[in-house]
Every structure is written in structure tokens, then in C-alpha cells.
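Structure assessment
Listed here are the chains, written in short residue letters.
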Amino acid sequence: MFQSFFPRPKLFFTSALLWTIITVAFWYGFADDLSGPLGFGVSETNHKEIVGPGFFVSPEFLWFYCYYFICTVLFGGFWWVFAKNHRWQIWSVWGSSAIIFSTYYSVQVSVAINNWRRPFGDTLQNALPGNNGVTAWDFYSLMIVFVQIVAFQVVLYVFTRFFVSHYVFRWRTAMNDYYVEKWANVRHIEGASQRIQEDTMRFAAIMEGLGVAMIDAVMTLIAFLPVLLSLSSYVSELPIVGAIPAPLFTAAILWSLFGTGLLALVGIKLPGLEFHNQRVEAAYRKELVYGEDYENRAQPITLSQLFANVRKNYFRLYRHYLYFNLARGIYLQADNLFTYFILVPTIVSGAITYGILQQILTAFGQVSNSFQYLVNSWTTIIELLSIYKRLKGFEVSIAERESMSPEELAKLLTEKEAQL
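Rules behind the numbers
- Residues numbered from 1 in each chain as written.
- Predicted model: local features only at pLDDT ≥ 70, side-chain atom pairs only at ≥ 80, totals over all residues.
- Heavy atoms only, no water.
- UniProt positions renumbered as here; feature names shortened; annotations may be inferred.
- Helix = DSSP H or I, 4+ residues; strand = E, 2+ residues; numbered from the N terminus.
- Buried < 20%, exposed > 50% of the residue type's maximum accessible area, 1.4 Å probe, protein only.
- Contact = heavy atoms within 4.5 Å.
- Areas by Shrake-Rupley, 256 points an atom, 1.4 Å probe, with all protein chains shown as cover.
- Lys, Arg positive; Asp, Glu negative; His and termini not counted.
- Charge placed at Lys NZ, Arg CZ, Asp CG, Glu CD.
- Phe/Tyr/Trp six-rings, centres within 6.5 Å; stacked < 30°, edge-to-face > 60°.
- Salt bridge = Lys/Arg side-chain N within 4 Å of Asp/Glu carboxyl O.
- Disulfide = S-S within 2.5 Å.

An unreviewed UniProt entry lists the protein under the name Peptide antibiotic transporter SbmA, with Roseibium aggregatum given as the organism. Per UniProt, the protein has the following entry under Subcellular location (unreviewed entry): "Cell membrane".

Laid out in C-alpha cells, this is it:
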């Protein structure tokens with residue numbers, strides 16, 4: 001799955017993780033403030049408070065573009081030398097970097113929209129009493145700014161989805177070529193055709209959505225956690241617990257970790273059941289396929305027994321999904337009120353305006369949704385884990401056959417033929 005597309009997968013992902021931690025820590029600890037000394041200029045205001053397209057061309061952002069490019073060139077250059085003969089490294093290394101940058105930029109568009117919410121919300125609050133001198137143009141001008149911001153988002157979304165589709169299909173092509181090259185040893189493995197065609201197709205389809213969602217969740221945390229931390233200054237205390245440091249930041253993390261842990265606990269049996277489900281389905285399908293070529297196969301009694309196994313496993317799945325969906329539904333419904341609940345003391349004290357409230361709701365929602373990635377994607381993750389187990393077992397079978405001598409392999413094939 002991975003060695004076909006990525007050079008030295010274990011080393012690649014380990015080095016990518018370490019490099020990401022180093023570069024992010026260096027950025028927030030030191031490099032973020034270098035835009036002025038390096039000649040990019042100094043913003044008249046914090047770039048996180050800029051409203052409109054100027055947010056994306058602020059000195060801090062221009063310096064970030066260069067910083068990301070330098071970090072990518074250093075990492076990609078290392079792997080270009082270290083694994084120069086790997087066929088897919090342009091897509092796997094440089095393509096991955098492009099997706100990460102595009103996703104981060106898309107998240108920054110959300111930050112820019114969140115900056116816009118404060119003046120729009122405050123203008124709306126001032127206009128509702130009807131005596132604060134707010135004109136129609138005040139709203140129209142803010143709407144024009146909103147259109148300018150979301151224009152970036154629309155174009156970026158279309159480009160990212162197009163590029164990711166090609167990226168993932170290249171990954172599927174790499175897996176397909178890797179398995180097909182070993183067809184002489186693969187063809188006699190049970191379910192080989194399904195592994196190569198269906199499982200690689202489903203793996204690619206799930207990764208196209210789930211992988212981008214995971215990157216988006218991480219990038220959202222990187223972008224919105226500082227925003228939520230700064231907005232915590234408007235909240236002096238929380239219900240029940242009272243005053244705590246960084247209340248919004250702390251509440252978002254604890255609430256999201258609680259939801260993730262809850263769903264992981266109640267859904268712990270589902271991946272194994274999904275994997276077993278594919279096995280009983282494969283056994284039933286295999287007997288039907290053999291029945292097309294052999295008269296003594298796929299007899300009604302045998303098919304009834306195999307289908308009974310299918311039915312039994314599906315009913316077990318339904319029972320386990322019953323309490324899983326109950327827990328997930330209760331948590332997600334509670335999540336709709338949680339932010340308002342923790343803001344009740346702040347709202348009734350009049351400490352924030354409507355615009356700030358909108359910013360808090362959006363930032364808190366972005367952070368909590370990112371932490372709740374497992375909660376929102378658990379069903380899809382379960383399916384992906386099931387596919388991963390099947391492909392991993394397939395690769396183990398390939399490795400075992402490649403380690404056999406010709407005599408051992410011939411004996412194994414003879415035994416398989418006798419079983420038919």
C-alpha cells in the first residue's frame with residue numbers, strides 16, 4: 001500500500017513528522033516575527049485582525065510563503081537525493097507538500113472570514129436599534145469584502161479537489177502496478193483479483209476524502225488554536241468551574257477529547273466486525289464463483305450455510321452500531337449547545353459584542369470539529385481499517401510465497417488444486 005508510492009515509507013513518514021514538528025515549532029517560537037527584519041515589511045495591525053483580501057498579502061503571510069517554500073525544498077531535496085530512483089516520488093513527496101499548503105491556505109481563508117464576522121456582527125448589532133447612524137452602504141461594503149474573500153476559497157477548493165483526485169489515482173496506480181508485477185505469485189492467492197481491483201479502488205476513494213479531511217483538521221488546529229487562545233481574553237469564567245486559564249482554549253480541548261474517547265470506546269469492536277464481515281462475504285462470493293465452473297460446488301445447502309454466516313455477522317454489526325450511533329448522536333446534539341452553555345456568564349454580563357460572539361462561536365466550532373475528526377469520521381475510518389487489514393494480509397501472503405522455494409510453491413499450488 002505505502003511502499004509502492006512512498007520512498008522508504010517508515011523512514012519517510014517518521015522524517016516528515018519530525019520535520020513538521022521542527023518547522024512548526026521554529027515558526028511559532030522564532031521565525032513568525034522575522035517578516036520585518038527580513039524586509040517584508042511590518043503590518044500596521046496584527047495580520048490575524050486584518051479584514052479582507054489584504055490578509056493574504058500581509059508581510060507576515062508573504063514571509064510565510066517563503067518559509068514554507070524553503071522548508072519544502074530542503075525536505076524534498078533530501079528525499080530527491082536519498083531515493084532518486086523511486087518512480088513516484090514527485091507525486092508522493094512534492095505532491096503531498098502541495099496538498100498540505102493548499103489545505104493550510106484554505107484554512108486561512110476560514111480565519112479571514114472569521115475576522116470579517118466581528119465588524120459585520122457589530123454593524124448588525126448597532127443597526128438593529130435603528131438609531132446608531134448605520135447606513136445600507138456599511139452592509140454592502142462588508143458584503144463586497146466577503147465576496148472577495150470567498151472567491152479565494154472557491155477557486156482553491158476546486159483546484160485542491162482536482163489535484164487530490166489525480167494524486168490519489170496515482171497512488172492507486174502505484175499499488176496496482178506493484179501487485180500486478182507480482183502476478184505470478186499473486187494469482188493463486190485467495191481473493192487476489194478482488195484485492196487488486198476492488199480494495200485498491202476503495203482504498204483510493206476513501207483516502208481521497210478522509211486523508212484531506214485529516215490534513216484539514218490538523219491545519220485548522222494550527223490556525224485556529226491561537227485565535228481561540230486570544231479570544232479567551234473576553235471570557236472571564238465558565239459555568240460550574242469558574243475562572244480558569246485560557247477558558248475557551250481549555251474547554252475546547254477537554255470537550256473534544258471527551259467526545260473522541262467516548263466514541264473510540266463504544267466503537268472499539270466495530271473494525272474487527274467489519275473485517276470479519278468482508279471475510280464471510282468473500283467466502284460466500286468465492287463459492288458462487290466456483291459454482292460457475294464446477295458442478296459439485298455452490299450447492300444449495302452449502303450456500304445456505306455460508307449466507308447464514310453473512311446474516312449472523314450483519315446482525316451483530318447492527319447491534320453494535322445501535323449503541324454506537326446512540327452515543328454519537330447524543331454527543332453531537334450536546335455539542336450544538338456546549339459553546340453557548342460555557343458562554344452564558346459572559347453573555348449575561350455584557351462583556352462581549354455580537355461580533356465577538358460570532359467570532360468565538362466560529363473559532364470554537366472549528367477547533368472542536370478538528371479535535372472531533374475521529375468522531376465525525378469513525379464509520380469511514382472503520383471501513384478503511386478493514387480494507388487495510390485485507391491488503392496487509394494480501395501483502396503478507398505475497399511475501400510468504402516469494403520466500404518459498406520453487407518446490408515448496410509447487411507443492412502448495414498442488415494442494416490448492418486438490419481442495420477444489
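**Some remarks on the overall build of the protein**
Across its full length, the protein carries twelve helices and zero strands. Along the protein, helices (α) and strands (β) appear in the sequence α-α-α-α-α-α-α-α-α-α-α-α when read from the amino end. Within the protein, buried positions represent 42% of all 420 residues. Relative to all contacts within the protein whose residues are 6 or more apart in sequence, the contacts with residues 24 or more apart total 78%. For the protein, the accessible area works out to roughly 22700 Å², and carbon and sulfur atoms hold 65% of it. Across the protein, the centroid of the 30 positively charged side chains sits 7 Å from that of the 30 negatively charged ones.

**Topic: the side chain of Asn-313**
As for its placement among the helices and strands, Asn-313 is situated in helix H9 (residues 300-348). Other than its neighbours up to four places away in sequence, Asn-313 contacts Leu-273, His-276, Asn-277 and Val-280.

**Focus on the packing of aromatic side chains**
Inspection of the entire model under this criterion finds 48 aromatic pairs. When the ring of Phe-64 is compared with that of Tyr-104, the centres are 5.0 Å apart and the planes differ by 35°; the resulting orientation is tilted. Of the two residues, Phe-64 is situated in helix H2 (residues 59-82) and Tyr-104 in helix H3 (residues 89-127); the sequence distance between them amounts to 40 residues. Just as Phe-64 is buried, Tyr-104 falls in that class too.

**Concerning the pattern of salt bridges**
A full pass over the atoms with the stated rule returns one salt bridge. Arg-87 is the salt-bridge partner of Asp-177, the closest N and O atoms lying 3.1 Å from each other. Residue Asp-177 is found in helix H4 (residues 136-180), and its partner Arg-87 is found in the loop between H2 and H3; the two are separated by 90 residues along the sequence. Look at Arg-87 and you get exposed, because its relative accessible area is 59%.

**Some details on the state of the cysteines**
The tally for this structure, following the rule as stated, stands at zero disulfides. No disulfide involves Cys-66; its sulfur sits 11 Å from that of Cys-71, the nearest cysteine. Given the relative accessible area of 13%, Cys-71 is considered buried.

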